[in-house]
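Structure at a glance
Given next are the chains, with one letter for each unit.
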Amino acid sequence: MTSLELYSKGACVWIPDPDAVWVSALLLQDYSPGEKHLLLQLSNGKETHYPVASHSDLPPLGNPDILEGENDLTALSFLHEPAVLHNLRVRFLDYSSIYTYCGIVLVAINPYDQLPIYGEEVIDAYSGQDMADMEPHIFSVAEEAYRTMTREEKNQSIIISGESGSGKTVSAKFTMRYFAVVGGAAQQTSVEEKVLASNPILESIGNAKTTRNDNSSRFGKYIEIGFGRKGDIIGANMKTYLLEKSRVVFQASAERNYHIFYQLCASRELPEMRGLKLDAPEHFRYTSQGGEMQIPGTDDLSDLERTRNAFTILDVQPDQQMELFRILSAVLHLGNVNIQASGRSSDRSYIDADDHSLAVFSKLLGVEGPQMAHWLCHRKLAVGGEMLVKPVSGQQAIEARDALAKHVYGQMFAWVVQRLNSALRTQRGRTKSFIGVLDIYGFETFDRNSFEQFCINYANEKLQQQFNRHVFHLEQEEYVREELTWSRIEFSDNQQCINLIEGQLGLFDLLDEECRMPKGSDESWVQKLYDQHLTKKPHPHFQKPRMSNSAFVVLHFADTVQYECNGFLGKNRDTVFEELINILKASQSELVAELFHQQGNVSSVANGSVRSGKRATKEHKLTVGFQFRQSLQMLMDTLNSTTPHYVRCIKPNDLKEPFMFDPRRTVQQLRACGVLETIRISAAGFPSRWTYEEFFSRYHLLLRISQDQDQAQGSCRQALPQLIPDPDQYCFGKTKVFFRAGQVAVLERLRAERLRVAAVNIQSRVRGWLARIRYTRICLATVTIQRYCRGALARRLALTLRYTKAALIIQKTYRMVMVRQLFLMIRQATTTIQAFTRGTMARRRYRLLVVERAAVLLQARVRGWLARQAYRRVHSAVVFMQCCVRRRAARRELMKLKTEARSVEKYRMLNKGMEVKLMQLQLRADQEARESAALRETLHAEREATSAELVALRATVQKLERQKQEKPQPCIVISEKKVEERRRAEEKASQEILQLTQELEALQREKDRFCKDREDLSARLFEQEKAQEECVRQAVSQAGASLRAALDEERRKYQGLLRDFTRLEQRYDNLREMSLLTESTKGHRRTDSTQSLSLEPLSPSPTALSPQSFNPLFPFPSAFSSPEEVRRVSVTPPSLERRASVWSLETPMDKLMERMDVAKDPAVKMKGEDLAHAYDAVRVANKFLESQLRSQRSQREEELEALRCQLSQAISGSSSDGQRQELQELLEAREQECVRLRRELKELKNTVSLRRLLTQAFTQETPSQPKPATVTGLLECRKRDETKLIKNLITDIRVDSALSLPPGLPASVLFLCVRQADCSGDQTHARSLCSAAVTAIKAALKKHSNDVDMTALWLKNALLLHDLLTQHSPKQTLDSDELVPLTADLSDLIRTLSDLCIQAYQQLLSITEKRLQNIIVPALLESETIPGLSGSAVKLGTSRKRAGSDPRTVGGDAPTMAAVLRELGALHTALSHQALPPSQMEQAFHQLTYLISASALNSLLLRKDMCCWSRGMQIRYNVSLLEEWLRSRGLQTGGAVVTLEPLIQAVQLLQAGKKTESDAQALVQTCTALSSQQIVKILTLYSPHSDLDERVTLNFIRTVQGLLKGRSDGQPPQLLMDVRRVFPVTFPYLPPPALHAEQLVIPDCLKISFLRRA
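Residues numbered from 1 in each chain as written. Predicted model: local features only at pLDDT ≥ 70, side-chain atom pairs only at ≥ 80, totals over all residues. Heavy atoms only, no water.

Attention shifts here to the overall build of the protein. In terms of regular secondary structure, the protein is built from 51 helices and 27 strands. Taken over 1654 residues, the protein has a buried fraction of 48%. In the protein, once contacts between residues fewer than 6 apart in sequence are set aside, the share between residues at least 24 apart is 74%. As displayed, the protein has an accessible area near 85900 Å², and 54% of this comes from carbon and sulfur atoms. (Helix = DSSP H or I, 4+ residues; strand = E, 2+ residues; numbered from the N terminus. Buried < 20%, exposed > 50% of the residue type's maximum accessible area, 1.4 Å probe, protein only. Contact = heavy atoms within 4.5 Å. Areas by Shrake-Rupley, 256 points an atom, 1.4 Å probe, with all protein chains shown as cover.)

Quick look at the structure:
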């Protein structure tokens, strides 16, 4: 099949279009050779005829859909301009991908928007990765350059080009930032910081707003970043090219001057800037010509602050910064100097003496104003050996002023670059290699092109030539490496255009010659160009415009440009009068004088010539063009000596709109930047390359020979000639097979045809099988239907006979039922009538009986009610009298009891200063006894008075009864009148009773209603209380969660500080070793032997880090009981703690005295014997007070019981209600007083514990006589054996011996030795031994910094030693009475041990992370644990590696999941062997699984080849292996499995359906652990794994984005996960069991037999 056969019906082609450049069309019929037209259907449905004169006129073919959005343009099957343009449009607009590879070139399209793809997590993801594996990115190019430099030890260059506004400066900044992070070992040093700080300075003084870009670089720069032997940045150097000085004095419409001028104007109100006399930029001529004073979205004031900070970082002092600002302000004021013309023909000029701008300019620069005004309007000439002063015209004076302003700015720019280079110069040694970043202007063409555009385009011609030759060289290198028989590829060489510009009698030569002429002009120069390159030797790249005689046209490689010759000579000379320069040299400002004194010594590219009165001197000055050619040649030599990497920046539109694609502007830049040339060179050779294995995997369907993967190369060599008859269309290499352009499409067509034929064959067989199955089923169905029909007819006859018989039976039964129902109804009616009649009669008799009984009952109730009412009135009067009498008596008694109660209050006062007021307590007790006796007498008198009153009342009652009995009984005479009145009263009473009954019923109903309302209110209140409790519970849980999160964050910050301190300490040790090594090279110096045993500080600062051990940041529980102790210890230095170990803390006696309101001063002042005497006195007082209080308590109870009896008798015998109420109040008062006395007695009982507390205080406050604790089962280490113990047990122990020890044996031995020293009273020995042990453990950790087993061993010992010291700390509450606390204060060492545990834990994870770092992605993403799953899923075109990238090693052992599990198993074995707590293991694996998940997910998000269905299946299986491993070891409860959830959901996203809206909803509901950006990114990168799969449509992605907008998942907006995230570790306090020397089994290999058991 030939390429012409691809023009068949349904094929996609590209045709030219005036607006879209290229549009796609569909062939409606096959093309036959000889046809003159092609019938096409456009994308809008319109049909058209495309003319075809010959085969070369055929439109370009479109690539298969499977290649749409390919990340490497050279991997396309058809390499041509429309395919490149379409692929870039799809990636930019549909996938929001701004980077695309084109062979060795990275094409970067400016998005004009902020994208979250430049964070540190992205740098981590690209660091160490292969360029061909990752998505295109500027970091990928930087990583390729960095890896090539470190591997091949060869200098590299990154050439970033593009026209203004395409994003060159931003790309260069990101490149340098990548080098600063990677080369600085993730920790920016001063050099990396200075390299990054140079960007804002150069942007402020070298960038400006243009019509195409708001931050356009108006100069070219080449930064060489120097690296040391370890790949770290040690210095940098910067070179600049062709600063656009004309912008200082002139700006086009809608453009601005350099940013620094507007920044200074914006900061004019600052105090330090007021002396510059600045105003708004509208008032200066040099900043107001363009009409644009402000850039939207920028703040000039904050930008100046950023620039000043950058100057400070680069060691530019504030006074020098102000000098720079004065020079820049002077340039602005110079532009406002008013130069006026004078004379008859305006051939003279002058400046007013009182010109304000000139005065400010002179003052700022420290020069003489009149001299400056004079020489601006005059010039010096040498005529006949004499010097003449000649006035100049106004226009010439203005030009001299502008030339001076440009010259001053150019000198200032060169000085700033020089200072940057001096600050960036290496200080740490010799630079081994460097990476150069070239940020240079791209090809420029405007409506009016001048000298600057000519130089820029000349530089781009040179760079394009170097680029073409490098691409050609790489292409040929590939052929040589594969041992191909190839012919030389022809490519367009622009050497002729370069010769036109720089050759002999070229444009630059003629320009320099014209500049040396006394009366040279632009017109004479352009006439020489016409004569030389049009008349004498016509040049193919030089033309003359038709309508102009002052311009010329150059045919550049990118475009044809017309240059206007006006101003060429002036800009090439760049002349400034020598008299003005001499005035500036005499400036009072040191910086100004330095700028112009250096002019004669240093040759700068940006500087021009200084014109003096002597013409001979002027002729030897170098022109700008000559200097530019020299610097450009040096740059090309540098680039040719390095390995170049290319970045081509594209500006998608001129409106600066985000994600807007203009195809015409894009094609213009693609042609100019050499991308299409790269495509053409690739297409001229063999652009499509496949390894034999990949070709066999893809096209084994076309091979009619052995289908063995091992014989792939032989099979391909045998079968390919049959598929492609023309041998020139392909070529076999050593490892790859190469194809010409379009041949892969031919193979794809053959493969599709083979698949179609196979599909037709399969369809025919399946359809025949389906037809036979259908016929068999029809036959079976026919027989079954017949059988069922016959059965149905028989059943229908039987049913008819059955219905006939049933009808007769129903008729008979129905008639019988009707007759019986009639009989029953008549009988029922008769019985009902009789029953109702009898009932009516019975109810009538019952009502009569009820009425009679009710009347009798009402009479009885009314009579009883009247009697009770009379009785109640009499009873109430008697009770009232009794209450009054009792109230008066009770009040009197209350007054007495209150007096007594006030005396009891003094008991509390007696307790204050009990050792001093002992005698007062005795006196008060006697007085209390006397008062008690008086109270008894009063009570006795009251009792007698009450008895007398009772006797009088009884006599009165008896007298009244006798009088009542003596009265005669009245005769009972009942008249009729009384009977009538009684009857009326009874009727009235009955009415009242009825009314009361009704009211009672109403009240009862109201009561029921109230009860119901109360129940409703109760239920409502209950619900409200329940809701409030739920709200409170939720608020408490939320507050707790926030507090826990804050606690974890603070703990993480503390442990991060500890990690940074460890790193700084290691760097300090390295520097110390280097200094010692340096000193040893100078001469041998004896080292003190005791220096090796010196104790290093184990924490950064005792007062800075130690407080964390007493707050929630500290991973161990606190050993102190009160917050006051924690606060006091945390702010007290360790030396002060040891100095005041006893009295600095609040003792329990002080707490009790404070609670009992006892003054502290006497107790604090007591020392020694006084305290002992006070203790004896208080003990006697305690016993006396206790006995006295008990006796008083019994007496009080007896008196209260007697009073109760008396009051009950008085109440029963007294008739006065007042007295009873008073007595009742008295009784309540006495009971309250009794309760208060009980409470006070209970409080006073607390003084009983004073004896024990005083005993403890006495033992603590008399340290002069410590009593050693008697503890057995210890180990004794003598002072002289301390070093030997540390050496044998920790420092010099062998690894195999250490790992064979029982877990925690060294810590147990050390603790027993420390405890024995403490029990023997030698606290200094105990402290020194403990400190030496801690130092030795730290040294052992450093020694075994790469050994997991030894790190776990010392982590266990440090943790055990910490727990033992904490358990026996004097500030810790002892869990058992058998434990004896330590007398020595080791709290600072306990804190140091806690920090050491954190460091050991971090070192343990660091070792495992380093081992896992390089195998996570290959094992989890790339390894095929399920064999054969993705073997046939090779995507078309993805196998072509980027030209110039390193070839992958074939045949190496790729990491698998077994390697990951092996590393995790090694860590688990080490932790389990040391019997570390399960919580520690869970925390460790939680951190590691997070690292695995984050690294794998980040790589997945940046690799398009991983986002397919088959790869998702492989990854899910690999993750399941990890999950199973974690569950088998019981590690799933610590959050280790939860951290894998984002990766699992990402894999599920690859495997789920992605077509309908329900699929989108399911994806959003399932992927809760992924952020919105991650979900969209995976859908965008998803690639079909075979022809049967389909891409994710844009409509589906937009649907998912719409659903994600309504999801408040709280996920961060970043795309990648933070791989550097560290979870804080906590060490739970687990009190170890009691430790004795007899329990330890100490092997002989430790050689510590010198320890004695004590």
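Glancing now at the nonpolar core. Residues Phe179 and Phe552 are the most contacted members of the largest nonpolar core, which totals 323 residues. Sorting elements by how many residues they give to this core places helix 13 (residues 394-424) first, with 15 residues. Judged by nonpolar contacts, the second largest core, of 38 residues, contains Ala11, Leu58, Ala719 and Val737. (Core = buried A, V, L, I, M, F, W, Y, C linked by side-chain atoms within 4.5 Å.)

Before going further, it helps to examine the pairing of strand 18 (residues 551-555). Within a regular beta strand, the side chains point alternately toward one face of the sheet and then the other, so they alternate between its two faces. Of all 5 residues in strand 18, 4 are buried, a share of seventy percent or more. Bridge count for strand 17 (residues 542-543) against strand 18 is 2 bridges, and the pairing is antiparallel. Within the sheet, the bridge partner assigned to Phe542 lies in strand 18 and is Val554. Judged from the 5 bridges that link them, strand 18 and strand 19 (residues 560-564) form a sheet pairing that is antiparallel. Counterpart to Ala551 in the pairing with strand 19 is Glu564. (Pairing = 2+ DSSP bridges.)

Another aspect to go through is the sheet that holds strand 5 (residues 99-102). Strands pair in a sheet through their backbones, by hydrogen bonds, and they do so in one of two ways: parallel or antiparallel. Strand order in the open sheet formed by 7 strands is 5-6-22-7-16-10-11, with mixed pairing between adjacent strands. What marks the edges here is a single partner per strand, and that holds for strand 5 and strand 11 (233-241). Each strand axis lies, on average, 20 degrees off the axis of its neighbour in the sheet, ignoring direction. Here strand 5 runs beside strand 6 (residues 105-109); their pairing, made up of 4 bridges, is antiparallel. Its bridge partner lying in strand 6, Tyr99 is registered against Ala108. The sheet contacts of helix 1 (residues 81-94) involve strand 5 and strand 6, and relative to strand 5 the element is tilted by about 155 degrees. (Axes fitted to C-alpha atoms, helices over the stretch in contact; angles between N-to-C directions.)

Tallying each qualifying case throughout the model produces 41 salt bridges. Ionic pairing is found between Asp509 and Arg629, a salt bridge with its closest N-O pair at 3.6 Å. Here Asp509, found in helix 16 (residues 507-516), pairs with Arg629, found in helix 22 (residues 624-640); they are 120 residues apart in sequence, far enough to count as distant. In the salt-bridge network here, residues are joined through shared partners; they are Glu163, Lys651, Asp654 and Arg665. (Salt bridge = Lys/Arg side-chain N within 4 Å of Asp/Glu carboxyl O.)

The next point concerns the packing of helix 14 (residues 451-481) against helix 22. Two elements in contact, helix 14 and helix 22, have axes whose closest approach is 11 Å; the angle formed by their N-to-C orientations is 20 degrees. As judged from the angle between their axes, helix 14 and helix 22 are roughly parallel. Between helix 14 and helix 22 the crossing geometry is right-handed. Between helix 14 and helix 22, the contacting residues are Phe451, Cys455, Tyr458, Ala459, Lys462, Leu463 and Gln466 on the first element and Val624, Gly625, Phe628, Arg629, Leu632, Gln633, Met636, Leu639 and Asn640 on the second. Of the residues assigned to the contact of helix 14 with helix 22, the class counts are 10 nonpolar, 4 polar and 2 charged. (Parallel < 35°, antiparallel > 145°, perpendicular 65-115°, else oblique. Left-handed = near helix turned anticlockwise from the far one by under 90°. Nonpolar A, V, L, I, M, F, W, Y, C, P; charged D, E, K, R; others polar.)

This part covers the sheet that holds strand 4 (residues 47-51). Pairing is antiparallel across the open sheet formed by 4 strands, whose spatial order is 1-2-3-4. Every interior strand has two partners, whereas the edge strands, strand 1 (12-17) and strand 4, have only one. Averaged over all pairs of adjacent strands, the angle between strand axes in this sheet comes to 50 degrees, irrespective of strand direction. As judged from the 5 bridges shared by strand 3 (residues 37-42) and strand 4, these two strands associate in the antiparallel manner. Each residue of the ladder has a partner; that of Leu38, found in strand 4, is Tyr50. With respect to the sheet, helix 1 is in contact with strand 1 and strand 2 (21-27), its orientation differing from that of strand 2 by roughly 100 degrees.

The next subject is the confidence of the model for the protein. The predicted model of the protein has a mean per-residue pLDDT of 79, with 79% of residues at 70 or higher. Across the protein, the secondary-structure element scoring lowest on mean pLDDT is helix 31 (residues 1123-1131), at 32, and the one scoring highest is helix 7 (residues 259-266), at 94. (pLDDT = per-residue confidence, 0-100.)

A few words now on the environment of Gly1321. Among the structural elements, Gly1321 can be located in the loop between helix 40 (1305-1319) and helix 41 (1323-1343). Separated by 63 residues in the primary sequence, Gly1321 and Ala1384 have C-alpha atoms spaced 8.8 Å apart.

With 21 residues, helix 41 should reach 30 Å at 1.5 Å per residue; the first-to-last C-alpha distance of 30 Å fits that figure. Summarising burial for helix 41: 16 of the 21 residues are buried, a large majority. (Expected span 1.5 Å × (residues − 1).)

A complete count under the given rule lists 31 aromatic pairs for this structure. Ring geometry for Phe451 against Phe568: centres 5.7 Å apart, planes inclined by 90 degrees, an arrangement best described as edge-to-face. Taken as a pair, Phe451 in helix 14 and Phe568 in helix 18 (residues 568-573) lie far apart in primary sequence, 117 residues in all. By the burial criterion, Phe451 is buried, and Phe568 matches it. Ring centres of Phe467 and Tyr646 lie 4.7 Å apart, and the angle between their planes is 80 degrees; on these two criteria the pair is classed as edge-to-face. (Phe/Tyr/Trp six-rings, centres within 6.5 Å; stacked < 30°, edge-to-face > 60°.)

A word on helix 43 (residues 1387-1413). Taking 1.5 Å of rise per residue, the 27 residues of helix 43 would be expected to cover 39 Å, and the 39 Å separating its terminal C-alpha atoms lies within 8% of that figure. Burial runs high along helix 43: 22 of the 27 residues are buried.

Here we come to the packing of helix 10 (residues 318-335) against helix 13. Where helix 10 meets helix 13, the axes come as close as 9 Å, and the angle between the chain directions of the two elements is 160 degrees. By the criterion of interaxial angle, the relationship of helix 10 to helix 13 is roughly antiparallel. Considering only the axes of helix 10 and helix 13, their crossing is left-handed. Contacts between helix 10 and helix 13 pair Gln320, Leu324, Ile327, Leu328, Val331, Leu334 and Gly335 from the former with Arg401, Leu404, Ala405, Val408, Tyr409, Met412, Trp415, Val416 and Arg419 from the latter.

Despite not being glycine, Leu242 has its phi angle at roughly 50 degrees, a positive value. The backbone of Asp315 sits at a positive phi, close to 65 degrees, despite the residue not being glycine.

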